[in-house]
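# Working through the structure, step by step
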Amino acid sequence: MHRLLQLTLDLFDAAVPAPEPVKQAPSRPPRARPAPPLKPDLARTGHLDSVLVPASFRHPRANREAVLGDSVVAYEFRRARRRTIGFMVGAEGLTVSAPKWVPLHEVDSAVQTKSSWILRKLGDAHDRHQRTESARIDWRDGAVFPYLGEQVVVVLDPAHAFKEVGAVLKDAAERVPGQPHHSLHLGLPHAATAPQIRDAVQAWLMRQATTLFTQRLEHFAPQLGVRWRKLALSNAGTRWGTAHSDGVIRLNWRLIHFRLPVIDYVVAHELSHLRVMDHSPRFWQTVSTVVPDYPQLRAQLKGEALPPW
């Protein structure tokens with residue numbers, strides 16, 4: 001009601017013409033009155049508040065703000081069918097979800113209570129974004145990308161007689177410190193565009209991923225006493241793998257960038273779900289029977305920056 005009344009008053013004020021200036025003697029021209037300072041009102045000004053109060057962290061769909069410590073956090077607020085207030089920090093920023101019956105002042109209080117967690121997660125997300133951007137690849141002849149934990153250089157080789165479809169991996173004649181030991185020769189012309197080179201490399205990586213993931217599933221399944229039925233490659237943005245009770249295993253093809261021990265952890269993780277479909281202590285005990293150093297490998301999976309595709 002307050003917002004409706006305020007909006008009505010604003011519209012009324014805008015419709016009233018400004019009063020005519022009082023005529024004064026020519027010898028004393030009227031002095032311009034300074035404009036009153038603007039006061040941000042998030043409910044009405046929208047993007048204007050970003051000019052008045054720059055946010056340290058801003059969600060692209062932000063509709064509320066909170067001052068947390070020394071930072072201004074502009075976040076997306078949503079009403080949702082849930083029992084409690086929920087917080088999620090992703091690549092875009094903070095999203096807060098709350099049931100319809102929770103008043104806004106309780107939402108604001110909950111955000112303040114979680115301020116330390118929110119700022120830490122937003123900082124981590126910012127750091128991950130910076131690392132990801134620094135890992136972005138300029139797709140051209142001589143581009144370098146990670147494969148099984150090592151660097152591989154792209155070579156455009158249109159005259160090569162390929163035994164494989166489109167590409168072949170070669171080892172350097174001699175190991176040069178600081179330089180990639182492997183090169184991927186692509187059957188593309190030297191005038192190939194960046195998307196063509198990227199797509200050719202991705203197609204080769206996905207073929208390698210299918211072969212390697214299948215081998216590792218066959219290696220760990222007997223040790224865990226489970227049977228998997230089908231492997232599917234995924235391109236999920238936030239999940240490295242999923243397991244279904246019917247034996248279907250989905251693994252993110254970009255795992256092929258990591259070292260083999262990290263891939264083994266994810267494979268064992270998903271196969272273990274065929275025995276324990278949650279993340280209880282019993283589940284992690286199951287994982288540890290085949291990958292005892294899984295905590296370190298899990299940390300590497302979270303901490304390493306991969307090139308965006």
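It should be emphasised that the depicted structure is a prediction, and the values quoted were computed from it without experimental measurement.

## What to know about the packing of aromatic side chains
Counted according to the given criterion, the structure contains six aromatic pairs. Between Trp240 and Phe258, the ring centres sit 5.5 Å apart and the planes meet at 85°, which makes this aromatic pair edge-to-face. On the criterion of sequence distance, the pair formed by Trp240 in the loop between β10 (230–234) and β11 (241–243) and Phe258 in the loop between β12 (248–252) and α7 (260–272) is long-range, its members being 18 residues apart. Exposure remark for Trp240: the relative accessible area of 21% places this residue in the partly exposed category. Grouped by ring-pair contacts, the aromatic residues Tyr265, Phe283, Trp284 and Tyr294 constitute a single cluster.

## Some remarks on the pattern of salt bridges
Under the defined criterion, the tally for this structure stands at eight salt bridges. Here Arg140 makes a salt bridge to Asp138, at a shortest N to O gap of 3.3 Å. Two residues, Arg198 and Asp199, come together in a salt bridge whose shortest N-O distance is 3.2 Å. Overall, the relative accessible area of 28% leaves Arg198 in the partly exposed class. Residues joined by salt bridges that share partners form a network here, namely Arg61, Glu76 and Glu92.

## Examining the confidence of the model for the chain
Scored by pLDDT, the chain has a mean of 82; 78% of the residues are at 70 or more. Note on residues 1–27: pLDDT is under 50 here. Beyond four places in sequence and across chains, it has five contacts. Contacts from residues 29–54, a stretch scored under 50 in pLDDT, to residues over four places away or in other chains number 18 contacts.

## What to know about the packing of α7 against helix α9 (residues 294–303)
Running from amino to carboxyl end, α7 crosses α9 at an angle of 105°, the nearest separation of the two axes being 9 Å. What the angle tells us is that α7 and α9 run roughly perpendicular. For the pair α7 and α9, contact is made by Pro261, Val262, Tyr265 and Val266 and by Tyr294, Leu297, Arg298, Gln300 and Leu301, respectively. Here the residues of the contact of α7 with α9 are counted per class, giving seven nonpolar, one polar and one charged.

## So, the sheet that holds strand β8 (residues 167–171)
Pairing within the open sheet is mixed, and its four strands lie in the order β6-β7-β9-β8. On the outer flanks of this sheet lie β6 (144–147) and β8, each paired with one strand and no other. For this sheet the average axis-to-axis angle between neighbouring strands, irrespective of direction, equals 35°. Taken together, the four bridges between β6 and strand β7 (residues 150–156) define a ladder with antiparallel strand orientation. Note that in β7 the partner of Phe145 across the bridge is Val152.

## So, the layout of surface pockets
If you add up the space inside the largest pocket, you get close to 1600 Å³. Taken together, 40 residues make up the lining of the largest pocket; nearest its centre are Arg128, Gly237, Thr238, Arg239 and Trp240. Of all elements in the fold, only β4 (86–89), α5 (115–134), β11, α7 and α9 reach the threshold of two or more residues within the lining of the largest pocket. The element that contributes the greatest number of residues to the lining of the largest pocket is α5, accounting for eight residues. The residue makeup of the lining of the largest pocket, split by class, is 18 nonpolar, twelve polar and ten charged.

Rules and cut-offs
Residues numbered from 1 in each chain as written. Predicted model: local features only at pLDDT ≥ 70, side-chain atom pairs only at ≥ 80, totals over all residues. Heavy atoms only, no water. Phe/Tyr/Trp six-rings, centres within 6.5 Å; stacked < 30°, edge-to-face > 60°. Helix = DSSP H or I, 4+ residues; strand = E, 2+ residues; numbered from the N terminus. Buried < 20%, exposed > 50% of the residue type's maximum accessible area, 1.4 Å probe, protein only. Salt bridge = Lys/Arg side-chain N within 4 Å of Asp/Glu carboxyl O. pLDDT = per-residue confidence, 0-100. Contact = heavy atoms within 4.5 Å. Axes fitted to C-alpha atoms, helices over the stretch in contact; angles between N-to-C directions. Parallel < 35°, antiparallel > 145°, perpendicular 65-115°, else oblique. Nonpolar A, V, L, I, M, F, W, Y, C, P; charged D, E, K, R; others polar. Pairing = 2+ DSSP bridges. 1 Å grid on protein atoms, 1.4 Å probe; cavity = no way out; pocket = protein on both sides within 12 Å on 5 of 7 lines; lining within 4 Å. Points joined across faces, edges and corners; volume = space filled by probe spheres on them.

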